Structure formats: structure tokens, C-alpha cells
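# Tertiary structure, described
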Amino acid sequence: MDLLKFELKLVPGYEDWLAAQIRQLSLEALKTQTLTCNACGEVAGAYIIDYDGQTFRLPGEETYTLLSFIVRRLS
């Protein structure tokens with residue numbers, strides 16, 4: 001396997017898992033007034049997130065990371 005050409009999106013089930021994780025984290029992040037456009041990610045491939053007075057447009061992996069950070073701060 002050529003690690004320089006490896007793409008996670010080619011792993012069966014990965015994209016569905018990532019989308020489901022983002023949807024779940026989005027619900028939890030609502031407690032902090034964070035809004036996530038999940039439809040944008042599923043249609044356009046990038047999510048729009050309103051967090052702490054800022055708006056971010058991020059791909060799936062970065063959306064997952066940011067939402068995880070936001071939710072973990074709640075704990």
C-alpha cells in the first residue's frame with residue numbers, strides 16, 4: 001500500500017460513520033449555542049459551523065475534530 005496515496009474515503013463505511021458522528025456531535029454541541037449545517041456536509045462536502053461568534057467552513061474530518069473539542073469542553 002502506498003501511504004502517500006491512501007484516502008480514508010475509500011475505506012468502506014468510513015464516510016457514513018463520519019457523517020453519523022458529526023450529526024451526533026452537532027446535537028451535543030447545541031448546548032453551547034454551536035450550530036452546524038449538516039446538510040451542507042452531505043451535499044457540498046463541507047460543513048458550516050457557527051461557534052463562539054465565528055463561522056467556519058470545514059471538511060468532514062476537521063468538522064469532527066472541532067465538534068469533538070467543543071463537546072469535550074462541556075465535560
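Preceding block: the structure.
The following paragraphs examine the structure supplied in this document. (Residues numbered from 1 in each chain as written. Predicted model: local features only at pLDDT ≥ 70, side-chain atom pairs only at ≥ 80, totals over all residues. Heavy atoms only, no water.)

Looking now at the overall build of the protein. Across its full length, the protein carries three helices and three strands. The N-to-C order of helical and strand elements in the protein reads α-β-α-β-β-α. The principal-axis extents of the C-alpha atoms in the protein amount to approximately 40 × 25 × 20 Å. In the protein, buried positions account for 32% of the 75 residues. Only carbon and sulfur atoms are counted for the fraction: they give 57% of the accessible area of the protein, which is about 5,400 Å². (Helix = DSSP H or I, 4+ residues; strand = E, 2+ residues; numbered from the N terminus. Buried < 20%, exposed > 50% of the residue type's maximum accessible area, 1.4 Å probe, protein only. Areas by Shrake-Rupley, 256 points an atom, 1.4 Å probe, with all protein chains shown as cover.)

The next point concerns the nonpolar core. Formed by 14 residues in total, the largest nonpolar core has its most connected members in Ile22, Ala29, Ile49, Leu66, Leu67 and Ile70. Looking at this core, the elements that each hand over two or more residues are α1 (14-29), β2 (46-51) and α3 (60-74). The element best represented in this core is α1, accounting for six residues. Not counting residues up to four positions away in its chain, the partners in contact with Ile70 are Ala29, Thr32, Thr34 and Tyr51. (Core = buried A, V, L, I, M, F, W, Y, C linked by side-chain atoms within 4.5 Å. Contact = heavy atoms within 4.5 Å.)

Of note in the backbone geometry, Gln33 takes a positive phi value of approximately 65 degrees without being a glycine. Relative to the helices and strands, Gln33 is located in the loop between α1 and β1 (35-37). You can call Gln33 exposed: its relative accessible area is 65%. For Asp52, which is not a glycine, the phi torsion comes out positive at approximately 55 degrees. Residue placement: Asp52 occurs in the loop between β2 and β3 (54-59).

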